[in-house]
Amino acid sequence: MVLNFKYFLTSGLYDSCIKKITSISIAILFLCLSNRSSHLFAHNSISNTNIPTLKTHLPLAIALGAAKLNTCKIEITGYTGQSITVAFSGLPANQPSTYKNFIAIWEASVIPWTVTPLRTIEIGVNTEDGTVTIDNLTITYNSYIVGYGVGPGIGNICASAILNAGGTKAPLSYVNIGIANLGQTSLSVHYQTLSGYLPKENGNWIGLWEGYISPYNLPPDALIKKEIDSYANQGVIGLNNLSLGRDTEYTLIYFMGADNTTAAAILTFNTSDPTSEK
Amino acid sequence: MSTATLEQQGKATTVLTTKIEITSITANSLDINYDTLPGNQPNTFGNQVVLWQNSNEIPFGTPPLQSKIIPSNTQAGSLNFAGLDLNNNSYIVGYAVGPTLNSPAQTYGNICSSSFIPAAGQPEPSNNFEGEIVNVKPGTTSVSFGLTNFPNQIDLNGNGSWAAIWQSGAPSYFARPLSAVQITSNNGGAFNDISIGRGLTYTIAIFTSGYNPTGNSNQETMAAAYTFTN
């Protein structure tokens with residue numbers, strides 16, 4: 001026993017064992033590290049290629065994430081055999097009662113603009129958002145459409161919602177604007193109104209102001225105001241002869257009628273400095 | 001706003017109705033128990049019980065066999081409806097939460113609940129009338145409600161029925177409501193243009209008559225109430 005034990009402790013054998021173990025562990029460590037670094041490289045290469053492609057898809061002259069769109073909305077939240085409850089949502093600072101906002105309902109799948117609604121309810125509260133129950137109806141299994149008007153007339157309706165035949169609800173529809181192109185001295189604005197709506201007949205117009213502007217407290221110095229000169233319910237309107245500053249906030253507002261309280265959509269955006277993006 | 005009822009959402013609600021029950025029948029009298037809304041003064045407000053020979057419907061167009069004003073002013077109580085001549089036929093007794101109405105309203109249009117006496121040997125029916133507010137759905141600036149189990153042939157609209165809403169845990173015969181609307185359908189109605197606060201408690205009540213479009217409708221004919229916490 002004693003001899004055997006001494007044999008194991010002889011320096012030569014012990015040293016060679018230790019050497020083998022250390023070399024194996026170094027090899028394992030190296031393999032692990034090289035694996036990790038290759039992962040890191042792969043990750044870097046993907047993100048490096050992604051950033052430029054993102055940039056090329058963005059309009060160069062509008063700051064990233066600075067554009068903010070506010071629109072009006074109406075949604076059907078419930079119905080019975082004799083009533084429909086809707087939730088309406090107006091622009092920031094809207095006073096629905098003061099500005100004669102209303103809710104109207106038709107038995108149709110698209111607003112029949114020339115037909116008197118089944119019922120019209122004036123909104124009696126001055127809260128931006130709210131609910132209204134339209135009662136005294138007989139809700140059949142036909143389609144119904146409700147419209148939200150931001151002024152006294154049917155032509156001021158800027159949002160609608162459908163209760164489909166059979167009870168399902170269709171996607172909401174509302175007046176929408178967007179920037180189609182921002183040139184050196186011009187701005188092209190894309191607008192979309194409800195199906196079958198006639199922007200020109202109802203005196204729709206669009207205005208551009210510098211800064212963050214509220215349509216209910218408009219400054220007198222608009223950069224440009226332009227009427228929609230088309231009966232098409234959607235299109236592009238060009239605002240020319242502009243001098244837009246670098247890295248400046250602007251507000252674009254779409255109106256459903258002559259009165260500034262009939263605003264239907266507000267788009268605020270920032271013109272970034274193109275040189276700083278490069 | 002959810003499409004589910006408040007009960008389905010697990011929210012606290014209290015439903016109050018006007019109840020009438022016939023406890024015993026003899027050849028010439030009935031014993032009646034009644035339980036009306038809190039704060040009611042049946043005698044002062046002209047509450048009455050009305051008897052017809054009929055199947056299980058209130059025949060609003062037919063003169064009744066008898067009617068009797070509730071003699072006391074207790075919100076719940078009992079009375080002996082005497083001086084009758086009851087045979088084996090079927091009868092219906094209605095409870096009116098107010099006095100008789102003038103034409104063109106239904107004379108006994110304040111009846112909101114009833115109890116039925118089947119013909120001798122016939123089974124007791126389970127479907128007595130007991131007008132009730134159901135399916136209350138509060139929005140942010142509106143509340144809709146349904147009505148059920150009022151007498152089938154009642155004309156709530158023609159009788160000047162109306163509904164009130166208070167921000168409180170119980171209805172009131174005196175406190176003016178936040179909002180009042182005429183009932184134009186036997187199925188229900190809605191309050192618009194009122195702000196419904198988060199977590200606040202509201203009570204809706206229905207009155208069978210007395211609507212005044214210029215305000216200050218008669219608050220004595222309360223038939224049913226519904227309290228909910230938003």
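Note that the structure is a prediction, hence the values are computed from the model and not measured.

### Some remarks on the nonpolar core
Residue and element names in this part refer to chain A.
Here's step 1: Among the nonpolar cores identified, the biggest contains 58 residues, and V86, I103, V146, C158 and A264 are the most heavily contacted of them.
Here's step 2: Each of domain 1 (71-174) and domain 2 (175-277) accounts for three or more of the residues forming this core.
Here's step 3: Residues contacting V86, with those up to four places away along its chain left out, are I74, E75, I76, T77, I103, T131, V132, V146 and A161.

### A few points about the sheet that holds strand β13 (residues 188-192) of chain B
All names here are of chain B.
Here's step 1: Pairing is antiparallel across the open sheet formed by three strands, whose spatial order is β9-β10-β13. Both edges of this open sheet fall to β9 (132-138) and β13, since each of them pairs with a single strand only. Here the strands of the sheet are splayed against their neighbours by 20° on average, with no regard to which way each runs.
Here's step 2: Of the strand pairs in this sheet, β9 and strand β10 (residues 142-148) are connected by five bridges, and their pairing is antiparallel. Of the residues in β10, the one forming a bridge with P138 is V143.

### What about the sheet that holds strand β4 (residues 48-53) of chain B?
Residue and element names in this part refer to chain B.
Here's step 1: The strand order across the open sheet built from four strands is β5-β4-β7-β8, with neighbouring strands paired in antiparallel fashion. Of all strands in the sheet, those bounded by a partner on one side alone are β5 (66-69) and β8 (111-117). Averaged over all pairs of adjacent strands, the angle between strand axes in this sheet comes to 20°, irrespective of strand direction.
Here's step 2: Looking at chain direction, strand β7 (residues 91-96) and β8 are connected through six bridges and run antiparallel. Bridging from a neighbouring strand, Y95 pairs with S113 of β8.

### Overview of the domain arrangement of chain A
Residue and element names in this part refer to chain A.
Here's step 1: The assigned domain composition of chain A is domain 1 (71-174) and domain 2 (175-277).
Here's step 2: On a C-alpha basis, the centres of domain 1 and domain 2 stand 25 Å from each other.
Here's step 3: With 20 residues of domain 1 at the contact, the number on the domain 2 side is 19 residues.
Here's step 4: Those elements giving two or more residues to the side of domain 1 that touches domain 2 turn out to be β8 (157-163) and β9 (173-174).
Here's step 5: At four residues, β8 tops the list of elements feeding residues into the side of domain 1 that touches domain 2.

### Notes on the interface of chain B and chain A
Here's step 1: Between chain B and chain A, the contact holds 18 residues from the first and 19 residues from the second.
Here's step 2: Going through the elements one at a time, β10 and β13 of chain B are the ones with two or more residues in the side of chain B that touches chain A.
Here's step 3: Examining the composition of the side of chain B that touches chain A, we find that four residues originate from one element, β13 of chain B, more than from any other.
Here's step 4: Split into classes, the residues belonging to the side of chain B that touches chain A amount to two nonpolar, 14 polar and two charged.

Parameters and conventions
Going along each chain's sequence as written, the residues are numbered from 1 onward. Numbering of ligands from 1 and lettering of chains from A proceed in the order in which they are written. The predicted nature of this model means local features are confined to residues of pLDDT at least 70 and side-chain atom pairs, given and counted, to a pLDDT of 80 or more, with totals for whole chains, interfaces and linings taken over all residues. A set of buried Ala, Val, Leu, Ile, Met, Phe, Trp, Tyr and Cys residues, joined to one another through C-beta atoms within 7 Å, is what we call a nonpolar core. Our exposure labels follow a C-beta count within 10 Å of each residue's own C-beta, placed from the backbone: buried means 20 or more other C-beta atoms, exposed means 12 or fewer, and partly exposed covers the counts in between. Domains are outlined according to an automatic or database domain assignment. We call two residues in contact when their backbone-placed C-beta atoms lie within 7 Å. Only strands that DSSP links by at least two bridges are regarded as paired with each other. Secondary structure elements follow DSSP: runs of H or I no shorter than four residues count as helices, runs of E no shorter than two count as strands, and numbering proceeds from the N terminus. Interaxial angle, 0 to 180 degrees, is taken between N-to-C directions of lines fitted to C-alpha atoms, where a helix line uses only the stretch in contact. Note on residue classes: Ala, Val, Leu, Ile, Met, Phe, Trp, Tyr, Cys and Pro are nonpolar, Asp, Glu, Lys and Arg are charged, and everything else, Gly too, is polar.

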